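# Observations on the model geometry
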Amino acid sequence: MAKVFERTNGLTDKAFHYCPGCTHGIIHRLVGEVLEELDVLGEAVGVAPVGCSVFAYDYFNCDMHEAAHGRAPAVATGVKRVNPENVVFTYQGDGDLASIGAAEIVHAAARGENITTIFVNNAIYGMTGGQMAPTTLIGQKATTSPYGRDEKLTGKPIKVSEMLSTLDGAKFVERVSVHNAANIRKTKKAIKKAFELQLSGEGFGIVEILSTCPTNWGLTPLESLKWLEENMLPYYPLGNLRTPKEVE
Amino acid sequence: MAKAKGKVTFKEDLCKGCELCTTACPVNIVVMNKEKINVKGYHPATVHEMDKCIGCANCATICPDTVIEVERIIEK
Amino acid sequence: MAKVLMKGNEAIGAAAIKAGCHYFFGYPITPQNEIPEYMSRELPKVDGVFLQAESEVAAINMVYGAAGAGARVMTSSSSPGIALKQEGISYIAGAELPCVIVNIVRGGPGLGGIQPAQSDYYQATRGGGNGDYRHIVYAPSTLQETVDLVMESFDVAEQYRIPVMVVGDGMIGQMMEPVEFKKPKERPLAEKTWATTGTKGKRKPNIINSLFIDPQELEDHVHKLERKHEEIKKNETRFEEYNVEDADVVCVAYGTTSRIVKNAIKKCEEDGLKVGLIRPITLWPFPESAFDKITDKTKGLLAVEMSTGQMIDDVKIAIKGKKPVYFHGRTGGMVPNPTDIENEIRKIAGGEK
């Protein structure tokens, strides 16, 4: 029997602290696998956000920075500008990237910073206990939108990929999801392409990954996958929004 | 058509009983082992009818905690 | 080496580059604009990187990244901009990263003004960021001293793995004086084995981090920083002193204000008055030992600042109540004039106070 699936060396051997069924763990694994398959673990420098994945620096088997909330793209810029041969990536949640870090991600993209951003969108603040995020859907209950997010009060959720795809510096923008095995494989392809574009010096790439938060959605892990499919996909359509021409 | 045969192993103490793998298996053989509780206090996932496994790795793909390893041989 | 007539801000840029700083992340704000402008012209010539960030918040976090990647890196700003960088500075101190931060102080609070001031003393020495952290603060009074301190700051930052702030004021930034660039004294600088340059498959991952979720670990870490602070206090405290043992009045002033005080002191001496001066060069660590030399002869101390009095707190701490401490200052961008200072000195000396 040939082994076809085993834990990637792109991850350390530290067990994840994530809640049961939280898809952060899947995304961590995909990033680790891609870094290993591209054989760049020795060159990789990752930047962890503040949020549930704040401990990402313990999970990725490469040099890591822990950034202040929202500032990962700026930290990554500093790292990349010093050592352009390093493969630099940020791993951020929606509170980190779309709320406090909105300016940083917009300008990293606008500059065409040659880094790769893994953007995990689970429509809520996880670590702090379920508050409304810029990506929380209209009507979705959160601890700071207890009556359901009200558009009149808080506006509509931000479509980050669409927003960033208007910036010419953003060479690769794709939204994917991890709510079933088939989509997880597509997510891995997108992550791999984003990193390949960084290696070929193409410039800024972001993969927005729709993800679940069973604990703060108040659903079981399986119900969460269904909720994501029925509620997030319609508002956050999957697909590539920007990719360099010749790579088509 | 060559028939793929597979085998999955579970690092049970990493499992958090989230059950995602049970819905991903195309031959529906991944179940939660109700007779057992792991070190975290969860029923770990398992497979009783291993002979039906085709080694597609769907279960391992959707597992958030890298619990599952998959092996496969292609019988001529 | 021949002296060059330079504007303060540009001299700071030149000093940094000569000290091997090839990375600068900044943002426009008066009165420090010539620093990023200079760096944008000169860094490309040495294969360095100048980047104007989208905000001071982004700039300090780029510094965090570059410092963590092992580079000599600097940023500069003015008062409100330095306020925006405080969280980043706290992270840099927590993660024990070396870097140099220049503050060309302007009048405050809020948008304040663009004229010179020293009203960021609290911000610089008490730390505007969160948590138990300190960072070295140099306060030059001439452009030559500015250049010397900026060049040395990179070595000091690396020796102690701590951010170093150089605090000037609008005058330091905007005036021109002749300067020369001298190599700072040799310091023991270890290799940056902790930097995130990629494991290259040869070592365990390096992690640049200031998060310690376990409280005991965080306390142990902060105590480690505290031991470093004690060592810095012992080795790096600097001040200038003039005629302190024999003084009727001892003035305390730093930066450009100290130069105005020196003029006032000369005037008073012409009338036979004995006036001393303590000029802190490090605002942190504050030169408390300088105050031990004050004798019973001294009637009182006069702190002179371009603020409503912030350094005066440290003066009171240092003098331990032995002598009365008086204050004279202008703020908002107004500069103290020698005659007013002279009158204050005479009042203290003449016992009117």
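All values derive from a computational prediction rather than experimental measurement.

Definitions and limits used
- Residues numbered from 1 in each chain as written.
- Chains lettered and ligands numbered in written order.
- Predicted model: local features only at pLDDT ≥ 70, side-chain atom pairs only at ≥ 80, totals over all residues.
- Heavy atoms only, no water.
- Buried < 20%, exposed > 50% of the residue type's maximum accessible area, 1.4 Å probe, protein only.
- Helix = DSSP H or I, 4+ residues; strand = E, 2+ residues; numbered from the N terminus.
- Pairing = 2+ DSSP bridges.
- Contact = heavy atoms within 4.5 Å.
- Buried area = accessible area lost by both parts, 1.4 Å probe.
- Salt bridge = Lys/Arg side-chain N within 4 Å of Asp/Glu carboxyl O.
- pLDDT = per-residue confidence, 0-100.
- Axes fitted to C-alpha atoms, helices over the stretch in contact; angles between N-to-C directions.
- Core = buried A, V, L, I, M, F, W, Y, C linked by side-chain atoms within 4.5 Å.
- Domains from an automatic or database assignment.
- 1 Å grid on protein atoms, 1.4 Å probe; cavity = no way out; pocket = protein on both sides within 12 Å on 5 of 7 lines; lining within 4 Å.
- Points joined across faces, edges and corners; volume = space filled by probe spheres on them.
- Nonpolar A, V, L, I, M, F, W, Y, C, P; charged D, E, K, R; others polar.
- Polar contact = N/O pair within 3.5 Å; in protein donor to acceptor, adjacent residues only side chain to side chain.
- Parallel < 35°, antiparallel > 145°, perpendicular 65-115°, else oblique.
- Left-handed = near helix turned anticlockwise from the far one by under 90°.

### Considering the pairing of strand β5 (residues 116-121) of chain A
All names here are of chain A.
- By the criterion of burial, β5 is predominantly enclosed, with 6 of the 6 residues buried.
- Burial along β5 is two-sided: T116, I118 and V120 facing one way and T117, F119 and N121 facing the other are all buried.
- In terms of strand pairing, strand β4 (residues 87-93) meets β5 through 5 bridges, oriented parallel. Within β5, the residue paired with F89 across the bridge is T116.
- One ladder, built from 6 bridges, connects β5 with strand β7 (residues 204-210); its direction is parallel. Bridged to F119 within β7 is E208.

### Observations regarding the interface of chain A and chain C
- Taken together, the 34 residues of chain A in the interface contact 34 residues of chain C.
- Together chain A and chain C conceal approximately 2500 Å² of surface at their shared face, both sides included; 59% is due to carbon and sulfur atoms.
- The largest contributions to the chain A side of the interface with chain C come from D63(A), R81(A) and V82(A), which together make up 22% of the buried area.
- Where chain A packs against chain C, one counts 3 salt bridges.

### Regarding the confidence of the model for chain C
- Per-residue pLDDT for chain C has a mean of 97; in total, 99% of the residues score no lower than 70.
- ipTM for the predicted complex: 0.95, alongside a pTM of 0.96.

### Overview of the sheet that holds strand β2 (residues 23-26) of chain C
Residue and element names in this part refer to chain C.
- In space, the 7 strands of this open sheet follow the order β3-β2-β4-β5-β7-β6-β13, with mixed pairing throughout. Two strands close off the open sheet at either side, each with one partner strand: β3 (49-52) and β13 (282-284). Taking each pair of neighbouring strands and ignoring which way they run, the sheet shows an average axis angle of 20 degrees.
- One ladder, built from 7 bridges, connects strand β5 (residues 99-105) with strand β7 (residues 163-169); its direction is parallel. Looking at the pairing, V105 lines up with D169 of β7.

### Overview of the nonpolar core
- Residues I206(A), F25(C), M39(C), M74(C), F291(C) and L301(C) are the most contacted members of the largest nonpolar core, which totals 118 residues.
- The element contributing the most residues to this core is helix α7 (residues 143-160) of chain C, with 9 residues.
- Lining this core are residues from two domains, each supplying at least three of them: domain 1 (4-236) and domain 2 (240-349) of chain C.
- F25(C) has contacts with G78(A), R81(A), L51(C), A59(C), M62(C), V63(C), A66(C), V73(C), M74(C), T75(C) and S76(C), leaving out every residue within four places of it along the chain.
- In terms of nonpolar packing, the next biggest core, distinct from the first, is built from 44 residues, C62(A), F89(A), F195(A) and I209(A) among them.

### Remarks on the environment of V79(A)
- Checked against the element boundaries, V79(A) lands in helix α3 (residues 72-82).
- Between the C-alpha atom of V79(A) and that of V45(A), which follows or precedes it by 34 residues, the distance is 7.9 Å.
- Not counting the four nearest positions on each side in its chain, V79(A) is found in contact with V45(A), H65(A), V88(A), G65(C), A66(C) and A69(C).

### Topic: empty space enclosed by the protein
Residue and element names in this part refer to chain B.
- If you walk through the whole model with that rule in mind, you get 4 cavities of 30 Å³ or more.
- Roughly 100 Å³ of internal volume is contained in the largest cavity.
- Taken together, 15 residues make up the lining of the largest cavity; nearest its centre are C15, C18, C21, C63 and V67.
- Broken down by class, the residue content of the lining of the largest cavity amounts to 11 nonpolar, 1 polar and 3 charged.
- In this structure, the second largest cavity encloses a volume near 80 Å³.
- Along the wall of the second largest cavity there are 14 residues; nearest its centre are V8, C25, C53, C56 and C59.

### Quick word on the layout of surface pockets
- Approximately 610 Å³ is the volume found for the largest pocket.
- Around the largest pocket, the lining comprises 35 residues; the ones closest to its centre are Y91(C), S210(C), L211(C), F212(C) and I213(C).
- At the level of secondary structure, the elements contributing two or more residues to the lining of the largest pocket comprise α9 (214-217) of chain A together with α5 (86-94) and α9 (215-236) of chain C.
- Tallied by class, residues from the lining of the largest pocket come to 19 nonpolar, 14 polar and 2 charged.

### A closer look at the domain arrangement of chain C
All names here are of chain C.
- Taken as a whole, chain C is organised into domain 1 (4-236) and domain 2 (240-349).
- Contacts between domain 1 and domain 2 engage 31 residues on the former and 27 residues on the latter.
- Summed over both partners, the interface of domain 1 with domain 2 comes to about 2500 Å²; 56% of that surface belongs to carbon and sulfur atoms.
- Taken together, the links from domain 1 to domain 2 amount to 3 salt bridges.
- The shortest N-O distance in the salt bridge between R126 and D314 comes to 2.5 Å.
- The interface formed by domain 1 and domain 2 contains 17 residue pairs in polar contact (both at pLDDT 80 or more).
- For the side of domain 1 that touches domain 2, the secondary-structure elements that each account for two or more residues are α6 (121-127), β6 (136-138), α7, α8 (170-174) and α9.
- For the side of domain 1 that touches domain 2, a count of residues per class yields 14 nonpolar, 9 polar and 8 charged.

### Structural notes on the packing of helix α10 (residues 255-270) of chain C against helix α12 (residues 338-349) of chain C
Residue and element names in this part refer to chain C.
- With their axes 8 Å apart at the nearest point, α10 and α12 run at an angle of 55 degrees to one another. By the angle class used here, α10 and α12 are oblique. As α10 packs across α12, the resulting crossing turns out to be right-handed. Contact with α10, carried on its side by I260, V261, A264, K267 and C268, involves P338, I341, E342, I345 and R346 of α12 and no other residues of that element.
- Residues of the contact of α10 with α12, tallied by class, amount to 7 nonpolar, no polar and 3 charged.

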